[in-house]
Amino acid sequence: MPLRRGGTLVLHCTAPHQGSGRGLRTGDGVDIGTMIRRGLDRLLGRGEGRADSRTVYVGHGAWSPAQPFTPPRYCDNRIVSSKYTLWNFLPKNLFEQFRRIANFYFLIIFLVQVIVDTPTSPVTSGLPLFFVITVTAIKQGFEDWLRHKADNEVNKYPVTVLDGGRSTRKESEKIRVGDVVEVLEDETFPCDLVLLQSSRDDGTCYVTTASLDGESNHKTHYTVPDIETDLLLLNATLECEQPQPDLYKFVGRMYIRREGQEPAVRSLGPENLLLKGATLKNTSKISGVAVYTGMETKMALNYQGKSQKRSVVEKSINCFLVVYLCILLSKALVCTTLKYVWQRQPGQDEPWYNQKTQKEKDTDLYLKMFTDFLSFMVLFNFIIPVSMYVTVEMQKFLGSSFITWDRDFYDPQIQEGALVNTSDLNEELGQVEHVFTDKTGTLTQNNMEFIECCIDGFQYKYGNCASELDGFCVEDGPVNKLQRKAGREREELFLRALCLCHTVQVKEPGPGLGPVDQVDAARAVEERGFIASSPDEVALVKGAMRFGFSFLGLDCMKMKIQNRNKEIEEYDLLHVLNFDPVRRRMSVIVKSEAGETLLFCKGADVSIFPRVREEEVMRIRTHVERNATEGYRTLCVAYKKLSTEAFAQADASLREARLALQDREEKLLNIYDQLETGMNLIGATAVEDRLQEEATVTMEALQNAGMKVWVLTGDKMETAKSTCYACRLFQRRTELLELTVRTLEAGGQKCEGRLHELLLDYHRRAVQDAPPAKGGVSRSWSSAVQDYGFIIDGATLSLLLKPPSSRYTSLFLEICQNCAAVLCCRMAPLQKAQIVRLVKNTKGSPITLSVGDGANDVSMILEAHVGIGIKGNEGRQAVRNSDYAVPKLKHLRKLLLGHGHLYYVRIAQLVQYFFYKNLCFILPQFLYQFFCGYSQQPLYDAAYLMMYNICFTSMPILAYSLFEQHICIEILMDNAILYREVARNASLRWGPFLHWTALGIYQGLLFFFGVHCLFRNPALQDNGQVYGNWSFGTIVFTVMVFTVTLKLALDTRHWTWINHLVIWGSLAFYVFFSFFWGGIIWPFLKQQRLYFVFANLLSSVSAWLVIILLILLSLLPEVLLVVLRKPRASHIQQLKMRSSARKHRDFLSNTGVI
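Cut-offs and rules
- Residue numbering note: each chain is counted from 1, following its sequence as written.
- Per-residue local features of the predicted model are confined to residues with pLDDT of at least 70, and side-chain atom pairs are confined, for both listing and counting, to 80 or more; whole-chain, interface and lining totals are unaffected and use all residues.
- Side-chain calculation: all heavy atoms of the structure are included, whereas hydrogens and water are not.
- Just to be clear on terms, a salt bridge is a Lys or Arg side-chain nitrogen sitting within 4 Å of an Asp or Glu carboxyl oxygen.
- Runs of H or I in DSSP of at least four residues are treated as helices and runs of E of at least two as strands, each being numbered from the N terminus.
- Like-charged residues within 9 Å of one another, or nonpolar side chains (Val, Leu, Ile, Met, Phe, Trp, Tyr) within 5 Å, are grouped into patches, provided each residue has over 30% relative accessible area and no salt bridge.
- For every accessible area listed, the method is Shrake-Rupley and the probe measures 1.4 Å; residues are considered covered only by the protein chains on display.
- Under this rule, positive means Lys or Arg and negative means Asp or Glu; His and the chain ends count for nothing.
- For this purpose, a charge sits on NZ of Lys, CZ of Arg, CG of Asp or CD of Glu.
- Using a 1.4 Å probe on the protein chains alone, a residue whose accessible area is under 20% of its type maximum counts as buried, one over 50% counts as exposed, and one in between counts as partly exposed.
- Strand pairing is defined by DSSP finding a minimum of two bridges between the two strands.
- The contact criterion used throughout is that any non-hydrogen atoms of two residues lie within 4.5 Å.
- For every element, the axis is a line fit to its C-alpha atoms; helices are fit only across the contacting stretch, and the angle between N-to-C directions ranges from 0 to 180 degrees.
- Among buried residues, those of type Ala, Val, Leu, Ile, Met, Phe, Trp, Tyr and Cys that are joined through side-chain atoms within 4.5 Å constitute a nonpolar core.
- These domain boundaries are the output of an automatic or database domain assignment.
- Here a helix's expected span is defined as the number of its residues, less one, multiplied by 1.5 Å.
- These descriptions rest on fixed angle ranges, namely under 35 degrees for roughly parallel, over 145 for roughly antiparallel, 65 to 115 for roughly perpendicular, and the rest for oblique.
- The sense of a crossing depends on the near helix, which, turned anticlockwise from the far helix by less than a right angle, makes the crossing left-handed and, turned clockwise, makes it right-handed.
- Pairing of aromatic rings covers Phe, Tyr and Trp, the last counted by its six-membered ring, and requires centre-to-centre distances within 6.5 Å; plane angles under 30 degrees mean stacked, over 60 mean edge-to-face, and any other angle means tilted.
- N or O atoms closer than or at 3.5 Å make up a polar contact, with two conditions inside protein: a donor-capable atom paired with an acceptor-capable one, and, for residues adjacent in sequence, both atoms drawn from side chains.
- Throughout, disulfides are identified as pairs of cysteine sulfur atoms within 2.5 Å of each other.

(A) Fine view of the pattern of salt bridges. Following the criterion strictly, the structure yields 47 salt bridges and no others. Between Arg 78 and Asp 76 there is a salt bridge; the shortest N-O distance is 3.3 Å. For Glu 596, the salt bridge goes to Lys 641, with nearest N and O atoms at 3.3 Å. With a gap of 45 residues between them, Glu 596 in the loop between β25 (585-591) and β26 (597-603) and Lys 641 in strand β27 (residues 632-642) connect regions that are remote in the sequence. In the salt-bridge network here, residues are joined through shared partners; they are Glu 449, Arg 546, Glu 688 and Arg 690.

(B) Layout of a negative patch on the surface. On the surface, Asp 246, Asp 663, Glu 665 and Glu 666 cluster together into a negatively charged patch. Within the secondary structure layout, Glu 666 lies in helix α17 (residues 664-675). Residue classification places Glu 666 among the partly exposed positions, given a relative accessible area of 44%.

(C) Structural detail: the sheet that holds strand β31 (residues 788-793). Strand order in the open sheet formed by 9 strands is β14-β35-β34-β33-β15-β29-β32-β31-β30, and the pairing between neighbours is mixed. Taken across any chain shown, the strands that pair with only one partner, and hence form the sheet edges, are β14 (419-420) and β30 (735-739). In terms of strand pairing, strand β33 (residues 848-852) meets strand β34 (residues 866-870) through 4 bridges, oriented parallel. Each residue of the ladder has a partner; that of Gly 852, found in β34, is Gly 869. The strands touched by helix α24 (residues 829-840) are β15 (434-437), β29 (708-712), β32 (821-825) and β33; relative to β29, the strand with the most contacts, the crossing angle is about 160°.

(D) Expanded view of the nonpolar core. By size, the foremost hydrophobic cluster in this structure holds 98 residues, and its most contacted members are Val 911, Tyr 940, Tyr 944, Phe 1037 and Met 1040. With 18 residues, helix α27 (residues 891-928) is the single largest residue contributor to this core. Of the domains in this structure, domain 1 (85-157) and domain 3 (381-397 + 899-1134) are the two that each give at least three residues to this core. Ignoring anything within four residues of it in the chain, the contact list for Val 911 reads Val 313, Ile 317, Phe 320, Met 388 and Leu 988. Counting 42 residues, the second largest nonpolar core, distinct from the first, contains Ala 418, Cys 727, Phe 730 and Tyr 884.

(E) Structural detail: helix α33 (residues 1057-1079). When the terminal C-alpha atoms of α33 are compared, their 31 Å separation across 23 residues agrees well with the 33 Å that a helix rising 1.5 Å per residue should span. For α33, the full list of buried residues reads Asn 1059, Val 1062, Ile 1063, Ser 1066, Leu 1067, Tyr 1070, Phe 1073, Ser 1074, Trp 1077 and Gly 1078. Along its buried surface, α33 packs onto α28 (942-952), α29 (954-963), α32 (1029-1051) and α34 (1093-1097).

(F) Main features of the environment of Tyr 105. With respect to the helices and strands, Tyr 105 occurs in helix α3 (residues 101-115). Separated by 276 residues in sequence, Tyr 105 and Asn 381 have C-alpha atoms that sit 9.3 Å apart. Once residues within four sequence positions are removed from consideration, Tyr 105 is found in contact with Leu 325, Leu 328, Met 377, Asn 381 and Ile 384.

(G) Local environment of helix α19 (residues 717-726). All of the buried residues along α19 are Met 717, Thr 719, Ala 720, Ser 722, Thr 723 and Cys 724. Immediately beyond the C-terminal end of α19, within one or two residues, lies Arg 728, with a positive phi of roughly 65°.

(H) Seen up close, the packing of α3 against helix α8 (residues 365-380). Across the interface, α3 lies against α8 with an axial gap of 10 Å and an inter-helix angle of 125°. In this view, α3 runs oblique relative to α8, as classed from their interaxial angle. Relative to α8, α3 is oriented so that their crossing is left-handed. Contacts between α3 and α8 pair Tyr 105, Ile 109, Val 112 and Gln 113 from the former with Leu 374, Met 377 and Val 378 from the latter.

(I) Region of the structure containing the sheet that holds strand β9 (residues 252-256). Spatial strand order, β1-β8-β9-β10: 4 strands in an open sheet with antiparallel pairing. Two strands bound the open sheet, and with one partner strand each, they are β1 (53-57) and β10 (264-268). Ignoring which end each strand starts from, the neighbouring axes of this sheet average 20° apart. Here strand β8 (residues 236-241) pairs with β9 via 5 bridges, running antiparallel. Bridged to Leu 238 within β9 is Met 254. The strands touched by helix α16 (residues 644-659) within the sheet are β9 and β10, with β10 carrying the most contacts at an inclination of about 80°.

(J) Just a nonpolar patch on the surface, in detail. Taken together, the side chains of Tyr 1002, Leu 1050, Leu 1109, Leu 1113, Leu 1116, Val 1119, Leu 1120, Val 1123 and Leu 1124 make up a nonpolar region of the molecular surface, amounting to roughly 790 Å² of accessible area. Of the residues forming the nonpolar patch, the biggest block, 7 residues, is contributed by helix α35 (residues 1101-1124). Along the chain, Leu 1124 falls in helix α35.

(K) Representation of the packing of aromatic side chains in the model. All chains considered together, the criterion is met by 49 aromatic pairs. Their ring planes at 90° and their centres at 5.2 Å tell us that Phe 1008 and Phe 1009 sit as a pair that is edge-to-face. Residue class for Phe 1008 comes out buried when judged on its relative accessible area of 1%.

(L) Quick look at the environment of Glu 296. Tracing the chain through its elements places Glu 296 in the loop between β13 (285-292) and α5 (298-302). Judged by its relative accessible area of 5%, Glu 296 is buried. Separated by 52 residues in the primary sequence, Glu 296 and Gln 244 place their C-alpha atoms 7.9 Å from one another. A polar contact is formed between the side chain of Glu 296 and the side chain of Arg 54, at a distance of 2.9 Å.

(M) Looking closely at unusual backbone geometry. Residues other than glycine seldom take positive phi values, yet Glu 694 does so here, at roughly 60°. Note that Glu 694 resides in the loop between β28 (680-691) and α18 (695-704). Taking the relative accessible area as the measure of exposure, Glu 694 reaches 38% and is therefore partly exposed.

(N) Region of interest: the state of the cysteines. Per the counting criterion, the structure on display carries 0 disulfides. Lacking any disulfide linkage, Cys 501 is separated from the closest cysteine sulfur, that of Cys 601, by 6.2 Å. Classification of Cys 501 by relative accessible area gives buried; the value is 2%.

Below, the structure written as structure tokens:
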């Protein structure tokens, strides 16, 4: 039947699942229409009784000519990830910016200046606010423009669609559900497609899903069986589930109609679904029917925006803002009160030279008091540093580039460096208290190497020397040369199981490689390499090759292997019972050339042992436990012969279950469970996953820095424990406190009672009886905690968190806090996130960091305050969901101890400095009111008010916050204990804040009263003229600008040419601006207060003397503090290092080397 044009018939359609992600939607018109339609549906009650499935007509062809055709109601294929449009950018962006308290506060101040007669011009607060809002809007607008650009690249991408019997090129956004789409090799799929046709003879295609789940390995997908070669003749209807975000789940079936026949039904699963965003590989062309488009694709439903993470610095800023806001209100209230107290004196309210107008006399007293209060608020509002937010944003944005540019983070193997996904948490890297790390791929390399195997209790190790193991001799060479070994038949059965029980694919031959003969087949396959979704499977296949059995590939559902006699064996692949984390095993059902039907199964020991005979387990268990203790990953291998009747029954059951739309997974699991019983255990394998480079050094450094390290893994306890010993998280003298299923069952009591008993015992030993912390250091940092390590498994954690046992969580956390390290084994991804959340929400809200490399680590990475992704072998999903990403675990040491420490010190200094300099700025203005009759007369000119924070004092602190190194980064990395000096927000506590505030008050008082003493002499100029109030304010302002800038220069330890440029350049710019602003008559100014004021000021020797003297007196306490303070050991070490480097350089110079 030819393809017909028209709409897609939808029997029942539900909305996509919630959580499709922030900013991810279809076009605006579609959104509005969808919202109106859904609103009407809810109003009219049409939303009831929606079906859980949808029906799609392939190519929009009706089931029969007489069947009515309903227009489509699915969304189009357009994706919009942008946040703004051209018409809503301004109102939406302004609304979001004014939700910030500081911006909203300055907006109110600006409106008060516009409405009320205030002493300062509205420009003084309006211009800085406009600058802040504009810079932020430009930054956010540019980022959204990039999103629009990326959206257009996706939506306008040309695709090929079969329409009316011919191939048509159209834009991706115009694809509709039911369209048959053609995709070529290396192209990405424009929507979710069910695979109908492939250019490969076996009806398969290979895809990579790195952009979806981070897995870079090739995955195999299959066409729907019995599809016509000519898709124009295909008359089919597809019924599938409604859109849902699970990437690995898809349930459907296809009805294929042929003339004169009953419709054929074919089951559809994840292996038939090609996901939007995946890329076609090693296949020339495929054709598929669109089932989910636009925001209903699995990629769109999985796009979840990260929760907004707030740093501890931002919380400190908010606290300090509240304090300074209270100071501002107090100043305004004091001045308003004193004004009316002063005006009650005779002659002060209405002096003879300033009579009140009638309007002023008729004004209500309380209204006038309120207006005066607002005027004083405006006059003193510069104590709140609005420009600090812009400076902090710029510091974070520019500072994060130093992580990206750090050459030490570059890995030549993957040719990548560090990645910063968010710059808002730079300072949190210097505040970490708990580190949660994955094991496989993070502490270890996830680069599997086959070590040994065990067959019927006999160990086979491929090595270079003979050794005595387990009471029998192991010699060099392959299996057939070993002594004291299992029978030849059992050896070959075991190796055949390794060659057949997997989902490995052999890579396609490259250009210029032709077919090989039978003798060279194994060598050619090894050179071409393998494709697998797990490195474990490749390691096992390569391990079998060492002992003479080689997997040659899968062709037309026939698996070919080469035995040790160089003979090719073929097996029909009948069924694959896929691996899943619940069963922890996978199986294949194959048929040999002799007609035998065999089931081969491999999996974890806890999953295989209950399904085989006990006497077989006893022969293998010792080897499995020893391998796990040595840190190897172990898998057990079993097999089972199936009779013709048993296989026929299993085959029918599997086909029936795969056709089910409801509860398909549960039905399949039940059948798998029935098949995988009564098996015979053949042996076990041991695969080594080596430690990451410098993993031990990194873990020791983190512990020395005072961080608690938690290892969260899904591996078995023995393997994970040996990894902790290898990383020195556990030491030989460490006493391990174990809280696992084994210890709970050992007591012979109920689990809850035994759990309580063990927790109380461990709490007594690790907490109550532990010696007190030394040297004022918290217990988690004292040396005493090295005596204990804690181990818990997933089952016990579930019991611990489940009521009524959840009341024991406080005991559990106290025990963990007093242990050197904590190992959580057999953890599910959700349990990893639960552990992080549990620690994060404890008293004191400790800063947590999670580090992982796989998709199963994403939950804990998103849950922690800071998430670190490792660019490992398990894909890039962890990297994309992290805040920072580094190529190797070893880079974590410099990231935290070096960059994190410096970032925190820099931004803490920036925040404290901003509050300090604004207090110095506004305190003289407050004191001036006592000498001007509380008339709200400003002390400074409007130009100085506007440019103080924007131009005169902003660049030096920005440069300081980018380049300062109070201790060089090499010493910070070598002395991890220095990390503790800034831990727990040490530089932004109330003590340092009060120190900076006291310094600001001291200098503000000195500025005002020092200049006031100068003005006691009425004639300061040579011509006998008297300086006015603007001269007074200009001298105060000049002393203040030079003092706060030189204060920063005194605090600078690491000078660069940029620091010199901005510090001395800012002072020079101030002098130039003052001459320029007061040396020209500006036509746009109604009155020019500073005309030649600055020039006349500097012509007085007395003014010069006072300026220099006041600057020296202001900085004297800081100078004395630096001189009298005892140098720290780190500073002495730094000086020694510089001295030795200088001597070495002088030696090389004297010897003529340089």
